[in-house]
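Chain residues, written in single-letter form:
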Amino acid sequence: MDDDWRAHVVPCVGSGLCCLKARCWVGAQIHGLGDKCPSLVWKDERYWCGEILRAKEQEAEQLKKQLYVGDGCCMSLFNEMREERFRSMSKNQLNEYKVALVSLRRSSDK
Ligand code: SF4
């Protein structure tokens with residue numbers, strides 16, 4: 001088995017599944033433990049973390065690093081919400097997805 005986890009992840013499409021299933025430490029600190037994080041926002045046809053959207057640039061970058069934003073999705077299998085997002089993605093979004101996938105694969109080759 002390949003022990004490089006990056007070879008098994010795919011780009012996030014903003015399905016919202018992670019944040020609906022369980023709050024991360026940021027969401028838990030703000031809202032308490034639980035599921036369906038109230039900070040999750042729907043914008044531009046996908047879900048985003050509202051705390052990152054509202055943060056100032058430096059803090060947003062720090063949060064992205066701490067929450068592994070951009071490092072890919074490891075919950076893609078049987079994720080019906082993800083499939084739904086794929087079905088409604090624009091041509092531009094699909095192209096961005098392909099670019100992100102190539103970038104992820106390159107980083108897993110290192
Ligand atoms: S704080 Fe942001 S990343 Fe964390 S669970 Fe809530 S919406 Fe998701």
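That block above? That's the structure.
Before going into details, it helps to say that this report is about the structure given with it. All values reported here derive from a predicted model rather than from experimental measurement.

## So, the overall build of the protein chain
Across its full length, the protein chain holds 6 helices and 2 strands. Going residue by residue from the N terminus, the α and β elements of the protein chain occur as α-α-β-β-α-α-α-α. A compact globule built from 110 residues should have a C-alpha radius of gyration of about 13 Å, and the protein chain, at 14 Å, falls within 12% of that. Principal-axis analysis of the C-alpha atoms gives the protein chain an extent of 35 × 30 × 30 Å. Taking all 110 residues of the protein chain together, the buried fraction comes to 15%.

## Remarks on the pairing of strand S1 (residues 40-43)
Two elements, S1 and strand S2 (residues 46-49), share 4 bridges in a ladder whose sense is antiparallel. Within S2, the position partnered with Leu40 by the bridge is Cys49. The antiparallel hairpin formed by S1 and S2 contains 2 residues in its connecting segment, where Asp44 sits at a positive phi of about 55°.

## A few points about the site of the ligand
Within the structure, the ligand sits among Cys19, Arg23, Cys24, Val26, Gly27, Cys37, Ser39, Leu40, Cys49, Glu51 and Leu67. Split into classes, the residues belonging to the shell around the ligand amount to 7 nonpolar, 2 polar and 2 charged.

## Observations concerning unusual backbone geometry
Although it is not a glycine, Asp44 sits at a positive phi angle of roughly 55°. Tracing the backbone through its elements, the reader meets Asp44 in the loop between S1 and S2. Since 9 C-beta atoms lie within 10 Å of it, Asp44 is described here as exposed.

## Here's the deal with helix H4 (residues 57-66)
Across the 10 residues of H4, 0 count as buried, placing the element largely on the outside. Of the residues flanking the end of H4, it is Tyr68, one or two places downstream, whose phi is positive at about 60°.

## Observations concerning the environment of Ser90
Along the chain, the position of Ser90 falls in the loop between helix H5 (80-88) and helix H6 (91-109). For Ser90, a count of 10 C-beta atoms within 10 Å gives the class exposed. For the pair Ser90 and Gln66, spaced 24 residues apart in sequence, the C-alpha separation works out to 29 Å.

## Observations regarding the environment of Gly50
Position of Gly50 among the secondary structure elements: in helix H3 (residues 50-54). What makes Gly50 partly exposed here is the crowd of 18 C-beta atoms within 10 Å. Here the alpha-carbon distance between Gly50 and Gly27, two residues 23 residues apart in the chain, equals 9.9 Å. The contacts of Gly50, once residues within four sequence positions are left out, are Ser39, Leu40 and Val41.

The rules behind each value
- Residues numbered from 1 in each chain as written.
- Predicted model: local features only at pLDDT ≥ 70, side-chain atom pairs only at ≥ 80, totals over all residues.
- Helix = DSSP H or I, 4+ residues; strand = E, 2+ residues; numbered from the N terminus.
- Rg over C-alpha atoms; globule rule 2.2 N^0.38 Å.
- Buried ≥ 20, exposed ≤ 12 C-beta atoms within 10 Å, placed from the backbone.
- Pairing = 2+ DSSP bridges.
- Near = placed C-beta within 6 Å.
- Nonpolar A, V, L, I, M, F, W, Y, C, P; charged D, E, K, R; others polar.
- Contact = placed C-beta atoms within 7 Å.

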